[in-house]
Amino acid sequence: MSSEHTEAHGEHASMTKGKIVKVFVILLLITVVEFIIALWAVPHAGLPVNYANPIYIFLTLLKAYYIVAFFMHLKFEKLGLIYSLVVPVLFIIGLILALTNESHHWLDLRF
Amino acid sequence: MSATVSQIDEVKTTPWAGGRSPFAVEYGKMMMWFFLLSDAFTFSSLLIAYGALRFSSTSWPSAELVFQSVPGLLDNGAPLVFVGIMTFILILSSVTMVLAVEAGHRNARKEVAGWMVATIIGGFMFLGCQALEWTHLHHEGFWWGSIPHMEELKHLFKGGDEATFGVYAQQFANLFFTITGFHGFHVFSGVIINIIILINVLAGTYQKRGSYLMVEKVGLYWHFVDLVWVFVFTFFYLV
């Protein structure tokens, strides 16, 4: 109980209202860019889907960074905690590589 | 007689020497983080399975053709508009949640309560939108294990072999309802947890405790729900 008391104050003072609004605007702008790509650039301006998809994924990861770093406050936590959460997430890349590779094989099997 | 302390007997004060949290977070908050990590693995598995099935397919229902209605307003011709509204609502409710946490740091009980109410309303609005979206797709004939008739199905694909449409439309339906359903279930539990926390805030529980750390913990969960939606949105509606 007492530890909860001391830790709640002081170290978490870094997200001010101004910063919250700033992150919100950034998230909103990224989403707007995604919509512009989906509704205009691909159907009307001739942007190939092969280019659009990596852009979507990059913008998604960017949004994820802003949510985790600022809204979830991870950027301001101890480095040890950051690593203990971010490093395990990297294992997901392994699953992505394994299953995309496998899915191409499934596709080959169909022909 | 002077007592000399040998170096080995000195009490260490480094972060990992014991006696305090090396991560400088309270136990419950750290456990929330690790729960969210495990939940991230669950959602990744679902989304990667979706990716694998889609990569191995030769055709797939086009998002802008499947999702082009605004329930209650337009039956078609407005691709991605409704999901855009849903995304906006969820991001906004994430913002009101951070504002609740920020008010908690200042021990401003009424402000915390106000922002929590806003967050809960946002949560309910999102759930309502999702219910409309599901109802719309269900009316079109999509459900777990069922798809629209071939005549309608043709209009949801942008090319490909017609003989394969049935199989891939069914995969799409199963994955869509499972993944957005699992996410919606998270939103629903988040709203319930937020309501419980709001009751505690109003009852003055955290004021007495002297800390609004509980708001921060449920805040983490709520942001995670938003985080997952960012990925679901990209992979179901954009790609």
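All values derive from a computational prediction rather than experimental measurement.

Caption draft 1: Main features of the overall build of chain B. Check the secondary structure of chain B and you find 8 helices and 0 strands. What you see in chain B, going N to C, is helices and strands ordered as α-α-α-α-α-α-α-α. Along the longest, intermediate and shortest principal axes, the C-alpha atoms of chain B span 100 × 45 × 25 Å. Contacts in chain B between residues far apart in sequence, at least 24 positions, make up 73% of those at least 6 positions apart.

Caption draft 2: Fine view of the overall build of chain A. When helices and strands are counted, chain A shows 5 helices and 0 strands. A total of 111 residues make up chain A; the buried ones form 17% of that total.

Caption draft 3: Local environment of the interface of chain A and chain B. Listed per partner, the contact involves 46 residues of chain A and 38 residues of chain B. Of all the secondary structure elements, the ones that give two or more residues to the side of chain A that touches chain B are helix H1 (2-8), helix H2 (17-41), helix H3 (49-71), helix H4 (79-89) and helix H5 (91-109) of chain A. Split by residue class, the side of chain A that touches chain B holds 27 nonpolar, 10 polar and 9 charged.

Caption draft 4: Geometry of the UniProt feature "transmembrane region" (unreviewed entry) in chain B. Residues and elements named next belong to chain B. Under the UniProt annotation, "transmembrane region" (unreviewed entry) lies at residues 30-53, 80-101, 113-134, 185-206 and 218-238. For residues 30-53, helix accounts for 100% and strand for 0%, while the C-alpha atoms at its two ends are 35 Å apart. Secondary structure content for residues 185-206 is 95% helix and 0% strand, and the end C-alpha separation is 27 Å.

Caption draft 5: Representation of the nonpolar core within the structure. All names here are of chain B. Core analysis: the biggest nonpolar cluster contains 74 residues, and Ala100, Val112, Met116 and Val215 have the highest contact counts within it. Residue contributions to this core peak at 18 residues, all from helix H8 (residues 213-238). Not counting residues up to four positions away in its chain, the partners in contact with Ala100 are Val112, Trp115, Met116, Thr119, Val215 and Gly219.

Caption draft 6: Just the UniProt feature "transmembrane region" (unreviewed entry) in chain A, in detail. In this structure's numbering, the residues bearing the UniProt feature "transmembrane region" (unreviewed entry) are residues 20-42, 54-74 and 81-100 of chain A. The span residues 81-100 of chain A is 95% helical and 0% strand by assignment, and the distance between its end C-alpha atoms comes to 31 Å.

Caption draft 7: Quick peek at the packing of helix H3 (residues 81-105) of chain B against helix H4 (residues 109-140) of chain B. Residues and elements named next belong to chain B. Two numbers describe how H3 lies on H4: the axes approach to 8 Å, and their chain directions differ by 160°. Between H3 and H4, the angle is such that the two are roughly antiparallel. Where H3 crosses over H4, the handedness of that crossing is left-handed. By residue class, the composition of the contact of H3 with H4 is 17 nonpolar, 7 polar and 2 charged.

Caption draft 8: Main features of the confidence of the model for chain A. The predicted model of chain A has a mean per-residue pLDDT of 87, with 87% of residues at 70 or higher. Note that residues 1-12 of chain A has pLDDT below 50 and, in this model, 15 contacts with residues that lie over four places away or in other chains.

Caption draft 9: Structural view of the confidence of the model for chain B. Residue and element names in this part refer to chain B. Per-residue confidence for chain B gives a mean pLDDT of 93; residues scoring 70 or more make up 99%. Mean pLDDT per element in chain B: helix H2 (residues 63-66) is the minimum at 90, and helix H6 (residues 165-203) is the maximum at 97. On the interface metric, ipTM, the complex scores 0.90, and its pTM is 0.90.

About the thresholds
Residues numbered from 1 in each chain as written. Chains lettered and ligands numbered in written order. Predicted model: local features only at pLDDT ≥ 70, side-chain atom pairs only at ≥ 80, totals over all residues. Helix = DSSP H or I, 4+ residues; strand = E, 2+ residues; numbered from the N terminus. Contact = placed C-beta atoms within 7 Å. Buried ≥ 20, exposed ≤ 12 C-beta atoms within 10 Å, placed from the backbone. Nonpolar A, V, L, I, M, F, W, Y, C, P; charged D, E, K, R; others polar. UniProt positions renumbered as here; feature names shortened; annotations may be inferred. Core = buried A, V, L, I, M, F, W, Y, C linked by C-beta atoms within 7 Å. Axes fitted to C-alpha atoms, helices over the stretch in contact; angles between N-to-C directions. Parallel < 35°, antiparallel > 145°, perpendicular 65-115°, else oblique. Left-handed = near helix turned anticlockwise from the far one by under 90°. pLDDT = per-residue confidence, 0-100.

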